[in-house]
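Descriptive analysis of the structure
Here's the letter readout for the chains.
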Amino acid sequence: MHQVADRVVVRQGRIVETGEVGAVFAAPAQEYTRRLLDAVPAPDPSTARRQRDGSAATALQRVGA
């Protein structure tokens, strides 16, 4: 996600969330943003359970931020 936008999350042409990438990843305010982050595939499926713990560090690692 961070390769596409560095300040906003857009849904159906409307801005639904703004903020610095790290802040949005750490505490997404919108359900849509949380679902986007949850949809990032795990590079190693055996670690997928640990990655779904919701931690910002885990989400950032999944996308290489």
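Heads up: the structure comes first, above all this text.
Residues numbered from 1 in each chain as written. Predicted model: local features only at pLDDT ≥ 70, side-chain atom pairs only at ≥ 80, totals over all residues. Heavy atoms only, no water.

As for the overall build of the protein
- Looking only at helices and strands, the protein has 4 helices and 2 strands in total.
- Taking all 65 residues of the protein together, 26% fall into the buried category.
- For the protein, the share of sequence-separated contacts (at least 6 apart) that also reach a separation of at least 24 residues comes to 30%.
- For the protein, the exposed surface amounts to about 4700 Å²; the carbon and sulfur share of it is 51%. (Helix = DSSP H or I, 4+ residues; strand = E, 2+ residues; numbered from the N terminus. Buried < 20%, exposed > 50% of the residue type's maximum accessible area, 1.4 Å probe, protein only. Contact = heavy atoms within 4.5 Å. Areas by Shrake-Rupley, 256 points an atom, 1.4 Å probe, with all protein chains shown as cover.)

Side note on the side chain of Glu 17
- The residue Glu 17 is located in strand β2 (residues 14–18) in this model.
- A polar contact of 2.7 Å, which involves the side chain of Glu 17, links it to the backbone nitrogen of Ala 29. (Polar contact = N/O pair within 3.5 Å; in protein donor to acceptor, adjacent residues only side chain to side chain.)

As for unusual backbone geometry
- Backbone geometry places Gln 12, a non-glycine residue, at a positive phi of 50 degrees.
- Within the element layout of this structure, Gln 12 appears in the loop between β1 (8–11) and β2.

Some remarks on the pairing of β1
- Pairing analysis gives 4 bridges linking β1 to β2, with the strands arranged antiparallel. From the neighbouring strand, Val 10 faces β2, where its bridge partner is Ile 15. (Pairing = 2+ DSSP bridges.)

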